[in-house]
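Survey of secondary and tertiary structure
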Amino acid sequence: MSEGLGEWGDDPEESTAADEPAADGDADAPELFYPNVAEFVSNKLANTYRRQINIQGGVTWCPQWWKHAEAISRLEALWRAWEFLRLDGSTGMSVWWRDHADHHMSVLLSTDGPFRGCNPEDGHRSKLSPLPCEEPPTGLF
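What counts, and where the lines are drawn
Residue indices follow the written sequence of each chain, beginning from 1 at its first position. Reporting in this predicted model follows two pLDDT cut-offs: at least 70 for local features of residues, and 80 or more for side-chain atom pairs to be given and counted; totals over whole chains, interfaces and linings ignore these cut-offs and use all residues. The side-chain numbers reported here are obtained from all heavy atoms of the structure, hydrogens and water having been left aside. The convention used is that axes are lines fitted to C-alpha atoms, helices contributing only their stretch in contact, and that angles between N-to-C directions extend from 0 to 180 degrees. Elements are defined by DSSP. Helices are runs of H or I of four residues or more, strands are runs of E of two residues or more, and each kind is numbered from the N terminus. Should an angle lie under 35 degrees it is considered roughly parallel, over 145 roughly antiparallel, and from 65 to 115 roughly perpendicular; all remaining angles are considered oblique. Any pair of residues with heavy atoms lying within 4.5 Å of one another is described as a contacting pair. Residues are grouped as follows: Ala, Val, Leu, Ile, Met, Phe, Trp, Tyr, Cys and Pro are nonpolar; Asp, Glu, Lys and Arg are charged; every other residue, Gly included, is polar. The pLDDT value tells you how sure the predictor is about a given residue, anywhere from 0 up to 100. In this analysis, rings of Phe, Tyr and Trp, with Trp reduced to its six-membered ring, are considered paired at centre separations within 6.5 Å, and the interplanar angle assigns stacked below 30 degrees, edge-to-face beyond 60, and tilted for intermediate values. The rule is simple: take the accessible area with a 1.4 Å probe, protein chains only, and divide by the maximum for that residue type; under 20% is buried, over 50% is exposed, in between is partly exposed.

**Regarding the packing of helix 2 (residues 69-85) against helix 3 (residues 92-109)**
In the contact formed by helix 2 and helix 3, the axes pass within 10 Å of each other and the chain directions differ by 175°. The orientation of helix 2 relative to helix 3 falls into the category roughly antiparallel. For the pair helix 2 and helix 3, the contacting residues are E70, A71, R74, L75, L78, A81, W82 and L85 in the first and G92, M93, V95, W96, H100, A101, H103, H104, M105, V107 and L108 in the second. In terms of residue class, the contact of helix 2 with helix 3 is built from 13 nonpolar, four polar and two charged.

Dropping the structure here:
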């Protein structure tokens, strides 16, 4: 991650935790339907959660979503929740939509969300600065 920007660099050789293989310790874990968050976003989420992107305001999206640390975290959470809840044949998908997809996608797609300044036509724009933080007093934590 670029220092102080909260954005991912342009180097495609950089890896994320989602690219690393899962630990072999849990042999009972069900096989993943999507091998990583990028496959989930491209093949499931983008095709299922369709919205009209309004470049002038309203709904925003970044075609390079993987350059936004917040988006990676939220989309990874959506993917993991989907992988778990897809196995619940009764209300799993309803729970996923209600408790996960609608919540996180509303934040991601909002005009003041992490994609502010980005759009599918012009692409990624790093316009957001990290939240200001001061060092806490020594010994507080």
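**Quick notes on the confidence of the model for the protein chain**
When pLDDT is averaged along the protein chain, the result is 83; 80% of the residues meet or exceed 70. In the model, residues 1-22 has pLDDT below 50 throughout and makes 32 contacts with residues more than four positions away in sequence or in other chains.

**Focus: the packing of aromatic side chains**
One pass over the full model with this rule turns up nine aromatic pairs. Taking 5.7 Å as the distance between ring centres and 65° as the angle between the ring planes, the aromatic pair formed by F33 and W82 counts as edge-to-face. Of this pair, F33 sits in the segment before helix 1 (37-48) while W82 sits in helix 2; the two residues are 49 residues apart in sequence, bridging distant segments of the chain. On the basis of relative accessibility, which here comes to 52%, the residue F33 falls in the exposed class. Each residue in the set F33, Y34, F40, Y49, W82, W96 and W97 is aromatic and connected to the rest through ring pairs, giving one cluster.

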